[in-house]
Amino acid sequence: MRINGNVVMAVGSGIASLLIAFSEVAAAAPGLEGLTLQITSTQDAIYPMEPVCLTITLGNESQQPVLAHDMIEPNTGYVSFYVAGEDGRFHLHESGNSPVVSGDANMRELPPGYKRSVRTHLWHGTTANSPFRSLFPAPGQYVLKAKFASIDGGSKIESNIVKVRVVEPEARDEEAWRYLKNHELENHYTLLGSTDDPKKIGKIEDFMERFPDSRYAVYGHYSLGLAYYVTKHLDRAGVSLEKAAGRQDFCLRDEVLYSLVRICIRKGEVGKARQYLRDLEEAYPNSAMTGSAGHDIEKATRP
């Protein structure tokens, strides 16, 4: 199956039923009445290892203010994700975030028409030691939904659902994927974890020489950029990260741009760092990376 082709995987009866049942956002639970939760994704299909990019939006569609918090960042513990396959049964996505609801959120009045969006992504792996192994265990059609909890965890609202299609790589992409698996680089822990291990860096450099035009190559550019940054080869890090940032549709491009901001700050190139910040503000206003970049630049320029 080609990602950009016209072949569409048939949707099982279980998923079809879910699409009907969740065609509208679920009604708010007591304590969160009037609030809605939406998740959206622009990805048509993903390869093994690739993350699912999502935008989470919390809104008040009622005519009255709602006293609630708006911490929809997944790492706060207030938002959880669920995935269902062809059987239509949802399972909690064990994303590694604490299941304990955080006490850092503040209650406040969310006025009518209020909306807040956050950009995030979910990883899935393929190895036995990956905590994300069960997210998408095989190519096929899946659906995701999210739940948002009140501060005490007693009330929750459910989002709409989004479809996720996982397809097998083909041609050179399939060869690249096989190389990553054979060299233990097939999940984001092993490929994107910043490291100063010369053996790992050598593996990724070899991968990039062999598969520079693969769809997976952008992950290699990003990984090398992180590794060169850790080993203090800032110029080489910048070159690799610039190549990754050149992929406008790269799911992690906001993280790449933030890494470029950090490199510029370390090199004393604050003007260039501000250029990357403008790119973040224009393309990813709802990303945590945008706020972090602005904060880091402000801190670096304090008298």
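To be clear, the structure that these remarks concern was listed above.
Not measured: the values here are computed from a predicted model.

Section: the pairing of strand β9 (residues 156–166)
(1) Moving on: Of all 11 residues making up β9, 9 are buried, and the element is well covered by its neighbours.
(2) Moving on: Across 9 bridges, strand β8 (residues 140–149) lies against β9 in antiparallel orientation. Following the sheet pairing, Tyr-142 is matched in β9 by Val-164.
(3) Moving on: Linking β8 back to β9 in an antiparallel pair, the connection comprises 6 residues, with Gly-153 at a positive phi of about 75 degrees.

Notes on the state of the cysteines
(1) Moving on: Considering all chains together, one arrives at 1 disulfide under this definition.
(2) Moving on: Between the sulfur atoms of Cys-53 and its disulfide mate Cys-251 the distance is 1.3 Å. Between Cys-53 and Cys-251 the sulfur-sulfur dihedral comes to about 120 degrees; the bridge is accordingly right-handed. Residue Cys-53 is found in strand β2 (residues 52–60), and its partner Cys-251 is found in the loop between α6 (234–245) and α7 (253–266); the two are separated by 198 residues along the sequence.

Notes on the sheet that holds β2
(1) Moving on: Ordered by their spatial adjacency, 3 strands build an open sheet running β1-β2-β7, and the pairing between neighbours is antiparallel. Among the strands making up the open sheet, the edge pair consists of β1 (35–40) and β7 (115–122). Neighbouring strand axes in the sheet, compared pairwise and without regard to direction, differ in orientation by 20 degrees on average.
(2) Moving on: One ladder, built from 8 bridges, connects β2 with β7; its direction is antiparallel.

Side note on the pattern of salt bridges
(1) Moving on: This model, assessed by the stated rule, comprises 15 salt bridges.
(2) Moving on: Arg-119 is paired through a salt bridge with Asp-254; the nearest N and O atoms lie 3.0 Å apart. In this pair, Arg-119 is assigned in strand β7 and Asp-254 in helix α7, connecting sequence segments 135 residues apart.
(3) Moving on: Of the charged contacts in the structure, one is a salt bridge between Lys-267 and Asp-235, with a shortest N-O distance of 2.6 Å. Here the residue Lys-267 occupies a position in the loop between α7 and α8 (270–283), and Asp-235 occupies one in helix α6, the gap between them amounting to 32 residues.
(4) Moving on: Accessibility expressed as a relative area gives 53% for Asp-235, which makes it exposed.
(5) Moving on: Residues participating in the shared-partner salt-bridge network are Lys-145, Lys-147 and Glu-158.

Some remarks on the side chain of Ser-259
(1) Moving on: Within the element layout of this structure, Ser-259 appears in helix α7.
(2) Moving on: Apart from residues lying up to four places away in sequence, Ser-259 is in contact with Tyr-222, Leu-226 and Leu-241.

Reading the values: rules and limits
Residues numbered from 1 in each chain as written. Predicted model: local features only at pLDDT ≥ 70, side-chain atom pairs only at ≥ 80, totals over all residues. Heavy atoms only, no water. Buried < 20%, exposed > 50% of the residue type's maximum accessible area, 1.4 Å probe, protein only. Helix = DSSP H or I, 4+ residues; strand = E, 2+ residues; numbered from the N terminus. Pairing = 2+ DSSP bridges. Disulfide = S-S within 2.5 Å. Axes fitted to C-alpha atoms, helices over the stretch in contact; angles between N-to-C directions. Salt bridge = Lys/Arg side-chain N within 4 Å of Asp/Glu carboxyl O. Contact = heavy atoms within 4.5 Å.

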